[in-house]
Amino acid sequence: MELGLKNKKILIVGASKGIGKGIAIEFAQEHCDIVAIARSSDLLKDVKTEALEAGAESFSYEVQNIMECDIKDFTKHLLNKYGRFDVVIHNVGGSLVSKNYLGPAEDWGYALKFNAVAAIDMNSILIPPMIEHGYGRIIHISSISAVMLRGNPLYASAKAFLNAYVTTVGRQLASTGVLLCSVMPGAVSFEGLRRIRLLRHKFEVLRIVPYFFHRGKDFFLRGNIYHAHRRKINIYLHMAVTA
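Here the residue index of a chain counts from 1 through its sequence in written order. Local features in this predicted model are restricted to residues whose pLDDT is 70 or higher, and side-chain atom pairs enter the listing and the counts only when it is 80 or higher, whereas totals over whole chains, interfaces and linings include all residues. Calculation of side-chain values draws on the structure's entire complement of heavy atoms; hydrogens and water are dropped beforehand.

## A short note on the pattern of salt bridges
The condition that has to hold: We define a salt bridge as a side-chain nitrogen of Lys or Arg found within 4 Å of a carboxyl oxygen belonging to Asp or Glu. The helix count covers DSSP runs of H or I at least four residues long, the strand count covers runs of E at least two residues long, and both are numbered beginning at the N terminus.
Going through the model one piece at a time under the given rule, you end up with four salt bridges. A salt bridge links Glu 62 to Lys 81; the nearest nitrogen and oxygen atoms lie 2.9 Å apart. Of the two residues, Glu 62 is situated in strand E3 (residues 58–63) and Lys 81 in helix H3 (residues 71–82); the sequence distance between them amounts to 19 residues. Among the salt bridges present, the one from Asp 121 reaches Lys 72, with a minimum N-O distance of 2.5 Å.

Right under this line is the structure:
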């Protein structure tokens, strides 16, 4: 698929395996310049090899744990080293947080930071240069749990918060040329994942992710939401012309 993304600078947070790795390979096939962040140097080296073989113009990576670093300082480091990004993918979070719905604020705060606020903190540094340039594409990997409101209450609540952020802040950004979106996949299968009901069609969502960034600045995806569930993808779009 030729989406006109060649030489676009892509930042993928959480790119070493699963959805994040799949997204990296898809952008590599569009001949992008990719910067990947994850906790495992060994896994990132493997992704780099595959991405370059798939056609990436360049592939750099940073080994970092977003939950343990000074997020703003790290994000400033990224901008100083690589410059403004055209596209940012936040593939951060997960359901492996406390499931105690009567737990203390610390448990809820951790789940919220892991699944939403860490990425929002990065956006506070990444988005202003995009606004100044008049172009930017940011996508958050959310979860169908945010709508179905099942499973771990802390996880579902955090992803629902993320979707609210995407929708409301996205409206404010629409006229600037910066597009803010989220994707809500259901369970996906990848090597090393256990104890979930796996999909027959792996990574259905990945091929539509680069499409978000091909849209012109005259369109704003007001809803969130690309919903990948079971054997088909249901696409929910509400577009408002902002030109």
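## Concerning the confidence of the model for the protein chain
Keep in mind that low pLDDT regions are not for reading the predicted coordinates in detail. Where we set the bar: The predictor attaches a confidence to each residue, and that confidence, scored 0 to 100, is pLDDT. The contact definition used throughout considers only heavy atoms, calling two residues in contact when any of these lie within 4.5 Å.
Residues with a pLDDT of 70 or more make up 76% of the protein chain, whose mean pLDDT is 79. Highest mean pLDDT in the protein chain belongs to H3 (97); lowest belongs to strand E10 (residues 239–241) (31). Considering only residues more than four positions removed or in separate chains, one finds that residues 192–243, a stretch of pLDDT under 50, has 130 contacts.

## A short note on the nonpolar core
Taken as a class, soluble globular proteins show a tendency for nonpolar side chains to be buried jointly. For clarity, the cut-off: Take the buried Ala, Val, Leu, Ile, Met, Phe, Trp, Tyr and Cys residues and link them wherever side-chain atoms come within 4.5 Å; each set so joined is a nonpolar core. Type-normalised accessible area, obtained with a 1.4 Å probe on protein chains alone, sets the label of each residue: buried when under 20%, exposed when over 50%, and partly exposed for intermediate values.
In terms of nonpolar packing, the biggest core is built from 29 residues, with Leu 11, Ile 37, Ile 66, Leu 78, Phe 85 and Met 122 touching the most fellow members. Of all elements in the fold, only strand E1 (9–13), strand E2 (33–38), H3, helix H4 (105–133), helix H6 (153–173) and strand E6 (178–185) reach the threshold of two or more residues within this core. The element contributing the most residues to this core is H4, with eight residues. Discounting residues that sit within four places of it in the chain, Leu 11 has contacts with Val 35, Ile 37, Leu 78, Phe 85, Val 87, Val 88, Ile 89, Met 122 and Leu 126.

## Considering the pairing of E3
Within a regular beta strand, the side chains point alternately toward one face of the sheet and then the other, so they alternate between its two faces. Threshold: A strand pair is defined by DSSP finding two or more bridges across the two strands. For the handedness criterion, the strands are oriented away from the viewer, and a crossover whose path from the first strand over the helix to the second runs clockwise is classed as right-handed.
Pairing analysis gives six bridges linking E2 to E3, with the strands arranged parallel. Within E3, the residue paired with Ala 38 across the bridge is Val 63. You can see the chain leave E2, run along helix H2 (residues 41–54) and come back into E3, and the turn it takes is right-handed.

## Examining the packing of H4 against H6
Applicable threshold: Fitting a line to C-alpha atoms yields each axis, with helices limited to the stretch in contact; the angle taken between N-to-C directions then spans 0 to 180 degrees. Each angle is binned into one of four classes, with values under 35 degrees roughly parallel, values over 145 roughly antiparallel, values of 65 to 115 roughly perpendicular, and all other values oblique. Left-handed describes a crossing whose near helix is turned anticlockwise from the far helix by less than a right angle; the clockwise case is right-handed. Note on residue categories: nonpolar means Ala, Val, Leu, Ile, Met, Phe, Trp, Tyr, Cys or Pro, charged means Asp, Glu, Lys or Arg, and polar means any other residue, Gly included.
With their axes 8 Å apart at the nearest point, H4 and H6 run at an angle of 20 degrees to one another. Put simply, H4 runs roughly parallel to H6. Where H4 crosses over H6, the handedness of that crossing is right-handed. Along its contact with H4, which presents Asp 107, Trp 108, Ala 111, Leu 112, Asn 115, Ala 116, Val 117, Ile 120, Asn 123, Ile 127 and Ile 131, the element H6 presents Pro 153, Leu 154, Tyr 155, Ser 157, Ala 158, Lys 159, Phe 161, Leu 162, Tyr 165 and Leu 173. Tallied by class, residues from the contact of H4 with H6 come to 16 nonpolar, three polar and two charged.

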